[in-house]
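Reading the structure
Below, each chain spelled out in residue letters.
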Amino acid sequence: MRKPVIAGNWKMYKLLGEAIDTVMELKPLIINSTHCEVVVAPVFTALKSVCSRLEGSNIKIAAQNCATEQKQGAHTCEVSAEMIKDTGASHVIIGHSERRQFFSETDETVNLKTKACLESGLTAIVCVGEMLDQRESGKAETVVATQLAGALDSLTVSDMKRIIIAYEPVWAIGTGKTATPEQAQEMHAFIRRILSEKQESEVAGTVRILYGGSVKPENIKDLMTQMDIDGALVGGASLEAKSFAEIVNYK
Ligand code: PGA
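Residues numbered from 1 in each chain as written. Predicted model: local features only at pLDDT ≥ 70, side-chain atom pairs only at ≥ 80, totals over all residues. Heavy atoms only, no water.

Helix packing geometry: the angle between the two helix axes and the distance between the axes. Where helix H1 (residues 16–29) contacts helix H12 (residues 241–248), the two axes come as close as 9 Å, and the packing angle between them is 35°. Crossing of H1 over H12 shows right-handed handedness. Where H1 approaches H12, its residues Thr22, Glu25, Leu26 and Leu29 are matched on the opposing element by Ala241, Lys242, Phe244 and Ala245. Residues of the contact of H1 with H12, tallied by class, amount to 5 nonpolar, 1 polar and 2 charged. (Axes fitted to C-alpha atoms, helices over the stretch in contact; angles between N-to-C directions. Helix = DSSP H or I, 4+ residues; strand = E, 2+ residues; numbered from the N terminus. Left-handed = near helix turned anticlockwise from the far one by under 90°. Contact = heavy atoms within 4.5 Å. Nonpolar A, V, L, I, M, F, W, Y, C, P; charged D, E, K, R; others polar.)

Take the environment of Glu37 next. Structurally, the position occupied by Glu37 is in strand E2 (residues 37–41). Taking the C-alpha atoms as reference, Glu37 lies 24 Å from Leu155; in sequence the two are 118 residues apart.

Counting buried residues along H12, 6 of its 8 residues qualify, which places the element largely inside the surrounding structure. Those residues of H12 that sit buried are Ala241, Ser243, Phe244, Ala245, Ile247 and Val248. Turning to H12, the residues buried within the fold contact strand E1 (5–9), H1, E2, helix H11 (220–224) and strand E8 (231–234). (Buried < 20%, exposed > 50% of the residue type's maximum accessible area, 1.4 Å probe, protein only.)

Moving on to the site of the ligand. In the region of the ligand, 13 residues are neighbours, and Lys11, His96, Glu168, Gly174 and Ser214 sit closest. Separating an oxygen atom of the ligand from a backbone N or O atom of Ser214 is a distance of 2.8 Å. A distance of 2.8 Å separates an oxygen atom of the ligand from a polar atom in the backbone of Gly236. Taken by itself the ligand offers 280 Å² of open surface, and the protein chains cover 95% of this. For the shell around the ligand, a count of residues per class yields 4 nonpolar, 7 polar and 2 charged. (Near = heavy atom within 4 Å. Polar contact = N/O pair within 3.5 Å; in protein donor to acceptor, adjacent residues only side chain to side chain. Areas by Shrake-Rupley, 256 points an atom, 1.4 Å probe, with all protein chains shown as cover.)

Turning next to the sheet that holds E1. The strand order around the closed barrel formed by 8 strands is E1-E2-E3-E4-E5-E6-E7-E8, and the pairing between neighbours is parallel. Sheet twist, expressed as the mean angle between neighbouring strand axes with direction ignored, is 25°. In this structure, E1 lies alongside E2, joined through 5 bridges in parallel fashion. Bridged to Ala7 within E2 is Val39. Along the sheet, helix H5 (residues 107–119) makes contact with strand E4 (91–94), strand E5 (123–128) and strand E6 (163–167), crossing E4 at roughly 175°. Of the strands in this sheet, E5 and E6 are in contact with helix H7 (residues 140–151), which crosses E5 at around 150°. (Pairing = 2+ DSSP bridges.)

With respect to the secondary-structure elements, Asn9 resides in strand E1. Within the structure, the side chain of Asn9 is placed 3.0 Å from the backbone nitrogen of Lys11, a separation counted as a polar contact.

Tallying each qualifying case throughout the model produces 0 disulfides. Here Cys66 is not disulfide-linked; the sulfur of Cys117 is the nearest cysteine sulfur, at 3.9 Å. For Cys66, a relative accessible area of 1% puts it in the buried group. The structure places no disulfide on Cys77, whose sulfur is separated from the nearest cysteine sulfur, that of Cys66, by 14 Å. (Disulfide = S-S within 2.5 Å.)

This next bit is on unusual backbone geometry. Phi is positive for Cys77, close to 75°, though the residue is something other than glycine. For Cys77, a relative accessible area of 73% gives the class exposed. Here the phi dihedral of Ser214 falls at roughly 55°; this positive angle occurs in a residue that is not glycine. You can see Ser214 is positioned in the loop between strand E7 (208–212) and H11.

None of this, on its own, says anything about what the molecule does.
Here you go:
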């Protein structure tokens, strides 16, 4: 049984006070939600304070990126996985399409960052997904397979047990245009097939694969009925505690 994960990616939203207010409002709304793991990803500057407010709660905290470098050094403006761990966070979102499109993230840096997270004892939420023109020209599976091969290069079976994959078709992010549950299921099944070719099928069966792209309270239920969809990575609808809690409590 794969325990679902509902993760909220706050992107570059919320000042410190707003981030704290949101989690304090969220906490009681999901206090009994034991059917899934709940993760929220604030900006770096809010990590530590949000983590302290959530100690002992059932909400886990993610960073939205980390450095490829693991050792401390002269890397101005970078934040290492170890430093993220030091704030109390437990997860890191890696390779989000906005990082790939606008901040020069490559499959190679995604791989290095994933390894850095695992070495620091953090869970990596590794994002993959095709652009609209790639889907329209029939290349979606090839693109996702290439991203996965790069991201997961040389990861061991025990590494694989500590990662989460998020399939986020770029054309569905922030557009209001969700992939249909069937489209998402098809890609999730494809991803699981690739994992089983790369690793033992035991691992492929246990890795959680989240769907992301315009997930809302209205569509989460249908997405979650699909066999290979193990949760969601939510952007816009995670910014309000109430709508995020509705997504968490989809059951
Ligand atoms: P969205 O974003 O839910 O606003 O489409 C998803 C994401 O970027 O992770």
